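Architecture and fold: a report
Residues per chain, in single letters:
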Amino acid sequence: MGPKFLVPESTVSEQGSGSSYASEAGEALVTLGIVAVEEQESLHVSLWQSPDGENWGTKPFAQFSQKFYVGTHSLMVKLEAKYVQARWHVNRWGRGDLTPRFTFYVFIEPLS
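Residues numbered from 1 in each chain as written. Predicted model: local features only at pLDDT ≥ 70, side-chain atom pairs only at ≥ 80, totals over all residues. Heavy atoms only, no water.

1. What about unusual backbone geometry?
Put simply, the rule reads: Secondary structure counts use DSSP, requiring at least four H or I residues in a row for a helix and at least two E residues in a row for a strand, with both numbered from the N terminus.
Unusually for a residue other than glycine, Gln-40 sits at a positive phi of about 60 degrees. Relative to the elements of secondary structure, Gln-40 occurs in the loop between strand 4 (26–37) and strand 5 (41–50).

In structure tokens form, the structure reads like this:
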């Protein structure tokens, strides 16, 4: 597996998931890049593995801490299943329109 976007740069306003990608066992570096964000909202990105691309289990194998600001964050992970997928949840609070809006991407790069 070469470097791939698990989530290409996207603007989202609700929870979702990226496409599943075939992976190889070993260590990988996953990068979350937040390009745009509004005040009083949060983004939570988790990583899921599956042996067959259909059964993803009940909990993620890795996750980024909740994010509130523009920036780039990296996470070293150990891939053990054939497929990997990124999922996200967004939240907004405060006054006015409560629809969250994040522009972000998730990139994975194998290290072995």
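Now that the structure has been shown, the text picks up again.
2. Here we look at the nonpolar core
To keep things clear, this is the line we draw: Buried Ala, Val, Leu, Ile, Met, Phe, Trp, Tyr and Cys residues that are joined via side-chain atoms within 4.5 Å together make up what is termed a nonpolar core. Exposure categories follow from relative accessible area, calculated using a 1.4 Å probe and restricted to protein chains: below 20% of the type maximum is buried, above 50% is exposed, and the middle band is partly exposed. We call two residues in contact whenever any of their non-hydrogen atoms come within 4.5 Å of each other.
Leu-32, Leu-43, Val-45, Trp-88, Phe-104 and Val-106 are the most contacted members of the largest nonpolar core, which totals 22 residues. Counting residues per element, the ones that place at least two in this core are strand 1 (4–12), strand 4, strand 5, strand 7 (71–79), strand 8 (83–92) and strand 9 (102–110). Residues in contact with Val-45, not counting those within four places in the same chain, are Leu-32, Gln-63, Phe-64, Arg-87, Trp-88, Phe-104 and Val-106.

3. Comments concerning the sheet that holds strand 9
What counts, and what does not: DSSP-based pairing: two strands are paired if at least 2 bridges between them are found. The convention used is that axes are lines fitted to C-alpha atoms, helices contributing only their stretch in contact, and that angles between N-to-C directions extend from 0 to 180 degrees.
Here we have four strands laid out as an open sheet, ordered 1-9-4-7, and antiparallel in their pairing. With one partner strand each, in any of the chains shown, strand 1 and strand 7 form the two edges of the open sheet. Strand-to-strand twist of the sheet, defined as the mean angle between neighbouring strand axes without regard to direction, takes the value 15 degrees. The pairing of strand 4 with strand 9 spans nine bridges and is classified as antiparallel. For Thr-31, the partnering residue across the bridge sits in strand 9 and is Phe-107.

4. Notes on the environment of Ala-36
By the secondary structure assignment, Ala-36 is in strand 4. A sequence separation of 66 residues divides Ala-36 from Phe-102, and the C-alpha atoms of the two residues are 5.7 Å apart. In contact with Ala-36, other than residues within four places in its own chain, are Val-70, Arg-101, Phe-102 and Thr-103.

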